[in-house]
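What the coordinates show
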Amino acid sequence: MKEKIRIVEGDITKQEVDAIVNAANTSLLGGGGVDGAIHRAAGPELLEETRQMGGCPTGEARVSKGYNLPAKWVIHTVGPVWAGGHKNEDNLLANCYRNSLTAAVARGAKTVAFPSISTGAYGFPLERATEIAMRETKRFLENNESLEKIVFVCFGERVLKTYQEVFERIF
Ligand code: AR6
């Protein structure tokens, strides 16, 4: 199962995978960070589609087309805003990974790329978030054979180092 995981440094909008995951907000109307980058790279049709969705609750996922992206699908998930750790943040973040992977499988995606959900503007501690990302992904792969590759796209050296360390511990 370990061989299905890739950890790369880079820009998620460049990933040649079936589906990329977006760290969106509940409006699904775009924003900064990875969300802004995905909307810019996909083009304005993405916003036209997500506008019709009527938002998305924290922890859930919604799927759109990828438009000008190499990826066929964008899975929009909404991570929790970090509020100190006692507002169900861990479970909500785990739900993001589980629901995104479930949505990917439902569309027939075999390869999926994730950003580090909630660890930018939403302030979730990076190492804690990475452990949740890895644990949920491992659990999902143990119960689902159809996914062939999961790419964790790390934006910057610090994120990359953390993902590499946590990967060795969890997988
Ligand atoms: N490719 C991969 N990762 C990226 C990219 C990129 N092109 N750009 C940034 N990151 P954030 P959040 C990393 O803030 O914390 C938005 O405004 C970034 O360095 O994008 O879930 C939404 O609309 C960090 O490691 O997402 C929401 O309002 C990670 O992606 C809010 O931000 C997540 O940072 C969501 O906040």
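Below, the structure is looked at part by part. (Residues numbered from 1 in each chain as written. Predicted model: local features only at pLDDT ≥ 70, side-chain atom pairs only at ≥ 80, totals over all residues. Heavy atoms only, no water.)

1. What about unusual backbone geometry?
Of note in this structure, Tyr67 is not a glycine but carries a positive phi near 50°. Its location among the elements puts Tyr67 in the loop between strand E3 (61-65) and strand E4 (73-78). The class of Tyr67 is partly exposed, set by a relative accessible area of 26%. Even without being glycine, Asn88 reaches a positive phi, approximately 70°. Its place among the elements puts Asn88 in the loop between E4 and helix H3 (89-106). (Helix = DSSP H or I, 4+ residues; strand = E, 2+ residues; numbered from the N terminus. Buried < 20%, exposed > 50% of the residue type's maximum accessible area, 1.4 Å probe, protein only.)

2. What about the side chain of Ser64?
Note that Ser64 resides in strand E3. For Ser64, the side chain forms a polar contact with the side chain of His76, separated by 2.9 Å. The contact partners of Ser64, leaving out residues within four places of it in the chain, are Leu46, Glu49, Thr50, Met53, Lys72, Trp73, Val74 and His76. (Polar contact = N/O pair within 3.5 Å; in protein donor to acceptor, adjacent residues only side chain to side chain. Contact = heavy atoms within 4.5 Å.)

3. Re the site of the ligand
With respect to spatial proximity, 21 residues lie near the ligand, and among them Asn25, Gly32, Val34, Asp35 and Ala121 are the closest. Take Ser118: an N or O atom from its main chain is 2.8 Å from an oxygen atom of the ligand. Here Thr119 contributes a backbone N or O atom positioned 3.4 Å from an oxygen atom of the ligand. For the shell around the ligand, the secondary-structure elements that each account for two or more residues are strand E2 (19-24) and helix H1 (33-42). With four residues, H1 is the single largest residue contributor to the shell around the ligand. Along the lines of polarity and charge, the residues of the shell around the ligand split into nine nonpolar, ten polar and two charged. (Near = heavy atom within 4 Å. Nonpolar A, V, L, I, M, F, W, Y, C, P; charged D, E, K, R; others polar.)

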